[in-house]
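# Close look at the chain arrangement
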Amino acid sequence: MPLMIGVPREIFPGEKRVATVPEVVEKLIKLGFTIAVESGAGDPANFSDDTYHAAGAEVIAGAANLWNAADIVFKVRGPSAEEVALMHEGQTLVSFIWPAQNPELIQQLAERKVTVLAIDALPRTLSRAQKMDALTSQAGVAGYRAVIEAANAFGRFFNGQITAAGKVQPAKVFIAGAGVAGLAAIGTAASLGAIVRANDTRAEVADQVVSLGGEFVKVEYEEEGSGGGGYAKVMSEGFQQAQRAMYAKQAKEVDIIITTALIPGRPAPKLITAEMVASMKPGSVIVDMAAEQGGNCELTEPGLAVVKHGVTIVGYTDLVSRLAKQSSTLYSTNLFRLTEELCKTKDGIIDVNMEDDAIRGLTVVKEGNISWPPPAPKLAAAPAAKPAATAMPVAKKAHGHGAPSEPMAGNKLAIMFGVAAALFWFVGANAPEAFLAHFTVFVLACFVGYMVVWNVKPALHTPLMSVTNAISSIIAIGALVQIAPPLTGVVVGRPDDWIRWLAAAGIVLTAINMFGGFAVTQRMLAMFRK
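Residues numbered from 1 in each chain as written. Predicted model: local features only at pLDDT ≥ 70, side-chain atom pairs only at ≥ 80, totals over all residues. Heavy atoms only, no water.

### Digging into the overall build of the protein
The helix and strand tally for the protein stands at 17 helices and 17 strands. When the 530 residues of the protein are sorted by exposure, 38% land in the buried category. If you take every contact in the protein between residues at least 6 apart in sequence, the share linking residues at least 24 apart comes to 61%. Summed over all atoms, the accessible surface of the protein reaches about 28800 Å², with 62% contributed by carbon and sulfur. (Helix = DSSP H or I, 4+ residues; strand = E, 2+ residues; numbered from the N terminus. Buried < 20%, exposed > 50% of the residue type's maximum accessible area, 1.4 Å probe, protein only. Contact = heavy atoms within 4.5 Å. Areas by Shrake-Rupley, 256 points an atom, 1.4 Å probe, with all protein chains shown as cover.)

### Observations concerning the nonpolar core
As a rule of thumb, nonpolar side chains are buried together in soluble globular proteins. With 43 residues, the main nonpolar core has Val18, Phe33, Ile35, Phe74, Tyr331 and Leu338 as its most contacted residues. With six residues, helix H11 (residues 324–342) is the single largest residue contributor to this core. In this structure, Ala185, Val196, Ile258 and Tyr316 belong to the second largest nonpolar core, which totals 32 residues. (Core = buried A, V, L, I, M, F, W, Y, C linked by side-chain atoms within 4.5 Å.)

### Here we look at helix H7 (residues 180–191)
In this model, H7 (12 residues) spans 17 Å end to end at C-alpha, consistent with the 16 Å of a helix rising 1.5 Å per residue. Residues of H7 that are buried include every one of Ala181, Gly182, Leu183, Ala185, Ile186, Thr188 and Ala189, and no others. Buried residues along H7 sit in contact with helix H6 (134–154), strand S9 (172–176), strand S10 (195–199) and helix H8 (206–211). Remark: Gly193 follows H7 within two positions and exhibits a positive phi of approximately 100 degrees. (Expected span 1.5 Å × (residues − 1).)

### Things to note about the sheet that holds strand S14 (residues 305–308)
Through backbone hydrogen bonds, the strands of a sheet pair up, either in parallel or in antiparallel fashion. Strand order in the open sheet formed by seven strands is S11-S10-S9-S12-S13-S15-S14, and the pairing between neighbours is mixed. In this open sheet, the two strands that pair with only one neighbour each are strand S11 (215–216) and S14. Relative to S10, S9 is paired through five bridges, and the arrangement is parallel. Residue pairing for S10: Phe174 is matched across the bridge by Arg197. The strands touched by H6 within the sheet are strand S12 (256–259), strand S13 (285–288) and strand S15 (311–314), with S13 carrying the most contacts at an inclination of about 155 degrees. (Pairing = 2+ DSSP bridges. Axes fitted to C-alpha atoms, helices over the stretch in contact; angles between N-to-C directions.)

### Regarding the sheet that holds strand S6 (residues 115–118)
Spatial strand order, S3-S2-S1-S4-S5-S6-S16-S17: eight strands in an open sheet with mixed pairing. Single-partner strands in this sheet number two, and they are strand S3 (58–60) and strand S17 (369–370). In terms of strand pairing, strand S5 (residues 92–95) meets S6 through four bridges, oriented parallel. Counted as the bridge partner of Thr92 is Thr115 from S6.

### Quick look at the packing of aromatic side chains
Counted by the stated rule, this structure contains five aromatic pairs. Pairing Phe96 with Tyr331 gives two aromatic rings, centres 5.5 Å apart and planes at 20 degrees, and the pair type is stacked. Taken together, the residues span a long stretch of sequence, with Phe96 in the loop between S5 and helix H5 (103–111) and Tyr331 in helix H11 at a distance of 235 residues. Neither Phe96 nor Tyr331 differs from the other in exposure class; each is buried. Seen in terms of ring centroids, Phe174 and Tyr247 are 5.6 Å apart; in terms of plane orientation they differ by 70 degrees. Their pairing is edge-to-face. Placement of the pair is Phe174 in strand S9 and Tyr247 in helix H9 (residues 237–253), with a sequence separation of 73 residues. Members of the aromatic cluster, each reached through a chain of ring pairs, are Phe96, Trp98 and Tyr331. The side chain of Arg77 reaches across the aromatic face of Phe12, ending 4.1 Å from its centre. Over the ring of Tyr316 we find Arg322, and its NZ or CZ is 3.8 Å from the ring centre. (Phe/Tyr/Trp six-rings, centres within 6.5 Å; stacked < 30°, edge-to-face > 60°. Lys NZ or Arg CZ within 6 Å of the ring centre and 35° of its normal.)

### Observations concerning the pattern of salt bridges
A complete count under the given rule lists 18 salt bridges for this structure. Among the salt bridges present, the one from Arg197 reaches Glu253, with a minimum N-O distance of 2.8 Å. Here the residue Arg197 occupies a position in strand S10, and Glu253 occupies one in helix H9, the gap between them amounting to 56 residues. Overall, the relative accessible area of 13% leaves Arg197 in the buried class. Put simply, Asp255 and Lys281 hold a salt bridge, and the shortest N to O gap is 3.0 Å. With Asp255 in the loop between H9 and S12 and Lys281 in the loop between helix H10 (274–279) and S13, this pair connects stretches of sequence that are 26 residues apart. Looking at Asp255, the relative accessible area reads 7%, which means it is buried. Through salt bridges with shared partners, one network takes in Arg128, Lys131, Glu341, Lys344 and Asp356. (Salt bridge = Lys/Arg side-chain N within 4 Å of Asp/Glu carboxyl O.)

Have a look at this one:
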């Protein structure tokens, strides 16, 4: 019998997201599940009960009724104590849980003998897990919204303008942390016309910052900042001192600071001190995206936007919920992709396969047994070493000098050139002199074309094709030869005149081909430039 997926209304203060949307309901039904949604669950994200009903979901009034009927529960925020009490044995919960920060919640869920999949615990280093990575999808929304909040509080244009009323300087934005949220913020701020600078402890993200239109500001201290699972690690005290000095300098120069620094299982690191805030220009803005975990700024007040030392400090903890419709759509798609992995048979029955690294990583409770933390991921077996190439025996010549014989490929090549030379001699001995000149040009063109194309790496073949189209237009030379005699004083209709007119048309078409080929090439190569 197919299982029922239930979607309750989120009760966390300020949470407007919903765990599935009508568009995804239809896809879940095709996997064999029945869907139930609590009445009003989608209202904060502008999804009415009618749209869920039209998509094929059952709308159930009352949270208790929904929790009692559902076999699987999709949620955004972790369950409250009241919601845990509504769960029954054998039920499966899929939600943000943050198991490292909520051991008591994990214990309570285990006592209910349920299975819990923490979407935030998904191993992000697995390439096939990217489609299920809700942290990434939600962080991108938060980074975008952080820039919008900054623009709202800033009170000036982001882009520079020259008007009759005077010149407006572009805003300078500094983004601390170039993870998913930081990169989204960089792209958004740059697209609005601001001068964007960014920093991250991971040096490898510098190219990504530049590709989005930002400038990477390096800390003058050599230390690798990459941690496990795609996150940054806690840096040494020496690095942190150098980093604070760099932040202090940027605070004096920029108009807006957006901080995104978070390390799983730890309070948000303090990057912006009260002294740095005091040094900023009046009217500047700080958006602290880590406010829910304590904030990256010493003066942040979680959930509020406050003004201190003339600087607006935005500490909203619901940035993602401020774009509830978009974030709900992305999150529900992540859960759908996870459901596809759990129900590969498409019969409405899930299989929590603990042999699957992705599923094992996010399973924190399995049928009442706590399975957090997961074991270290299995490393792929190293490819077997190729056996050493066996040396080819050296053939001896009949006279015994021991010199190696010519390889077979060389013999074939010699034969091919000999045949080609004989054919060329035959043509030259019997063909008219004019034909021989054209034939020589043709052979040389074929040879040049072969060397141009086959000596280029396959990775460059796509942009090369448009160039070779232009090179292949060697026919323009032949057309010029035919059109060289003057066209004046001739009677239209003679065979020679038709050849000349066709040659003229050939030159026009070839010119289009050549110039178009090079134009396309330049556009394609520009795609690979930063």
